[in-house]
Amino acid sequence: MRIVSYLIVVFVLGFAVVANTGCMKCGENIARKATEKALENAVKTATGGKAQIDVSGDVDVSDLPAFLRYPGAKAVAKWSLSTGEGKGSVYSFETTDAKDAVVNWFKASFVGQGWKESAVMETGEGTMLMHQSPDEKQFATVMVGTDEGKTTVAVTYGTK
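Per chain, residues are indexed from 1 in the order of the written sequence. For this predicted model, a pLDDT threshold of at least 70 governs which residues receive local features, and a threshold of 80 or more governs which side-chain atom pairs are given and counted, while totals over whole chains, interfaces and linings are taken from all residues. Side-chain measures here rest on the full set of heavy atoms in the structure, leaving out hydrogens and waters.

Draft legend 1. Layout of the pattern of salt bridges. Salt bridges are identified by distance alone: a Lys or Arg side-chain nitrogen within 4 Å of an Asp or Glu carboxyl oxygen. The final tally for this structure, using the stated rule, is 4 salt bridges. Salt-bridge contacts for D63 lead to K78; the nearest nitrogen and oxygen are separated by 3.1 Å. With D63 in the loop between β1 (50–54) and β2 (74–83) and K78 in strand β2, the pair connects residues that are 15 residues apart, well separated along the chain. The exposure class of D63 is partly exposed, given its relative accessible area of 44%. Only protein chains enter the area calculation, which uses a 1.4 Å probe; residues under 20% of their type maximum are buried, those over 50% are exposed, and those in between are partly exposed. Its relative accessible area of 13% is what places K78 among the buried residues. Note that K116 is salt-bridged to E136, the shortest N-O span being 3.1 Å. In this pair, K116 sits in strand β4 (residues 116–122) while E136 sits in the loop between β5 (126–132) and β6 (138–147), placing the two residues 20 residues apart along the sequence. Under the relative-accessibility criterion, K116 is labelled partly exposed at 34%. With a relative accessible area of 39%, E136 lands in the partly exposed category. A run of H or I in DSSP counts as a helix once it spans at least four residues, and a run of E counts as a strand once it spans at least two, with each numbered from the N terminus.

Any functional reading would require information that these geometric values do not contain.
Structure (structure tokens):
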């Protein structure tokens with residue numbers, strides 16, 4: 001369970017980067033890389049694990065299972081962490097599709113894979129879906145919200 005806690009730390013730190021990417025869109029590649037490296041070192045110090053953070057705008061999602069990739073969504077960031085207990089990544093996406101349509105797609109996707117629901121939380125701000133694989137060796141948390149007319153999706157995917 002510690003891997004889940006570590007991924008939450010990575011997600012919170014990563015969110016701080018994404019929330020502050022306005023200046024990075026101006027081509028400040030050096031500032032982006034320095035921020036990524038600082039966050040990687042902070043995660044390594046806090047968890048003892050190895051972290052990799054990418055907010056480049058050209059995010060590789062090939063290691064995320066296809067059933068966790070919302071069709072047409074743009075990947076905007078990725079944070080990864082590996083420890084002796086497992087590994088996981090947090091992927092941040094944006095889409096112009098309605099929040100409810102995105103939530104319904106993920107619910108159906110989990111059912112289609114036979115994943116077990118651990119928790120669902122719905123607030124005025126967004127929806128969080130937590131699931132685990134039938135063999136309980138994989139887990140995923142999907143958080144869907146809205147920001148400036150876009151639907152935002154954060155997918156945490158990990159293996160034990």
